[in-house]
Amino acid sequence: MHIFESEGTVVGFGLDETDEPSKKLQEATLPVLNRDNCLKYDPKTYGSRLKSGMYCAGGKDNISACNGDSGGGMFFEIDKTWYLRGIVSFSPIRPNTARPLCDPSKPTVFTDVSKYTKWILRYTNTTKWLKELPTCVNSTIEKDTECNAGGRFDHDFLIVGMKDRIIRAPMNGDPAFNVHEVEKLEGLDYDCVGGRFYWTEAGTAAIFSAKYDGTDKKNFINMDVKNPTHIAVDWVSRRLYWVDSGKKTLEVASLENPSLRTTVRVLMAETRRIAVDPLQRKLYRISKSHGIMSYNLDGSEQEPLLYATELEDMKVSMATGEICYIDDSNSKIECLDTRSKLTRTIVSNVTDPLSLAVTDELFYWTTENRLVIL
């Protein structure tokens, strides 16, 4: 939409005409200027700061956004619907004042939202963003390249962990089949970029990996581990996290070079599950005594999200950014919005759920030797 020479509406609680914060929401209508007309007002200020992803509005009748309005929106009404187009960024400083104040005689600069629609879509509708990404062609993905690496491999199936085996279950209804037999499965996760799954086995001091069809089994890590249990793959940053219950640690290693590893946290309480949100760059952990905890990927900034003592499996929904989990005590599968801390129930009266998987549209869980789809 072309907005130059049109007018938009700005709202906020910034400074009023007395240079005091407004106690009620203010509204102003500002004309949008092209770059050349904006520069005429203050070539020094605008010339060094006005970027291609910005636009100017105002400079008329001493009306502008001001201190306290930064981050607020500029809206345009089209066919009785209001659309956000600008975000208040900065304005020139008024001369001869004791403290820095906006100069209402000059235009305000706004970030042009339309220039960042792809970035916004990535975080507001991850499912649509991923589907629209082209499939990566090369195995090596260059820096700043945007492509769907997971699309290079077959992906219309689930990798399901049972007690004594790992199976591949096609989503089209074809029969599931074994891809690997184990003594007693502990942890399981997959790397959609590398086309491999990773797992741990009870009583085995190692973490293993194999291709999606079960071939090319490898010892991913077998040095300086005692009892690795739960694991989680960050397929964006190319790291694998695991809990070592023997050492009482949460550790991480590079998927490309497992010798590059470190301890993220020393764990004082029993851990039931871990999960990674590679897009929001968050690590989640179910503590037996504290419920769901959140961390940065380096283990810093611990934050309690949900107190519960009988939580089982946990997965991150890439479509919504929620943490979805099995609440064994209430026989429910629920999802938690990590920002609002609100929960929603997906299904109730679930009989003995063991593990959980979440796709863009469906929820899957296992019971004793059975896979259930919602």
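Preceding this section is the structure that the text describes.
Residues numbered from 1 in each chain as written. Predicted model: local features only at pLDDT ≥ 70, side-chain atom pairs only at ≥ 80, totals over all residues. Heavy atoms only, no water.

Visitor: Looking at this model, I keep getting lost on the nonpolar core. Mind explaining?
Guide: Counting residues in hydrophobic clusters, the biggest one holds 29 residues, and the most contacted among them are I166, F197, Y198, W199, F220, L240 and W242. For this core, the secondary structure elements donating two or more residues are β11 (196-201), β12 (207-211), β13 (218-221), β14 (228-234) and β15 (239-244). Taken together, domain 1 (6-151) and domain 2 (153-373) each give at least three residues to this core, which thus spans both. Once you skip the residues sitting within four places of it in the chain, Y198 turns out to touch G187, L188, D189, D191, F208, S209, F220, I231, V233, L240 and L255. One finds Y241, V243, V252 and V264 within the second-largest nonpolar core, a separate group that totals 13 residues. (Core = buried A, V, L, I, M, F, W, Y, C linked by side-chain atoms within 4.5 Å. Buried < 20%, exposed > 50% of the residue type's maximum accessible area, 1.4 Å probe, protein only. Helix = DSSP H or I, 4+ residues; strand = E, 2+ residues; numbered from the N terminus. Domains from an automatic or database assignment. Contact = heavy atoms within 4.5 Å.)

Visitor: What should I look at first to understand the sheet that holds strand β1 (residues 7-12) in this one?
Guide: Around the barrel, which closes on itself, the six strands sit in the order β1-β2-β3-β6-β5-β4 with antiparallel pairing between neighbours. Sheet twist, expressed as the mean angle between neighbouring strand axes with direction ignored, is 45°. Looking at chain direction, strand β3 (residues 54-58) and strand β6 (residues 107-112) are connected through five bridges and run antiparallel. Looking at β6, one finds that A57 is bridged to T108. (Pairing = 2+ DSSP bridges. Axes fitted to C-alpha atoms, helices over the stretch in contact; angles between N-to-C directions.)

Visitor: I'm lost on the pattern of salt bridges in this one. Help?
Guide: When charged atoms on two side chains of opposite charge get close, those side chains can pair. Enumeration according to the criterion identifies 16 salt bridges in this entry. Put simply, R94 and D19 hold a salt bridge, and the shortest N to O gap is 3.0 Å. Separated by 75 residues along the polypeptide, R94 in the loop between β5 (81-90) and β6 and D19 in the loop between β1 and β2 (26-33) bring together distant segments of the chain. A salt bridge links K106 to D42; the shortest N-O distance between them is 3.0 Å. In this pair, K106 is assigned in the loop between β5 and β6 and D42 in the loop between α1 (35-41) and α2 (43-49), connecting sequence segments 64 residues apart. Here K106 falls in the buried class, since its relative accessible area comes to 18%. Using a relative accessible area of 11% as the deciding quantity, one classes D42 as buried. One network of salt bridges, in which partners are shared, links D224, K247, E251 and R261. (Salt bridge = Lys/Arg side-chain N within 4 Å of Asp/Glu carboxyl O.)

Visitor: Help me understand unusual backbone geometry in this model?
Guide: Of all residues except glycine, most have a negative phi; of all peptide bonds, most are trans. The backbone of D216 shows a phi angle near 60°, a positive value even though the residue is not glycine. Looking at the element boundaries, D216 is found in the loop between β12 and β13. With a relative accessible area of 34%, D216 lands in the partly exposed category. One non-glycine residue, R281, lies in the positive phi region at around 60°. In this structure, R281 sits in the loop between β18 (271-277) and β19 (282-287).

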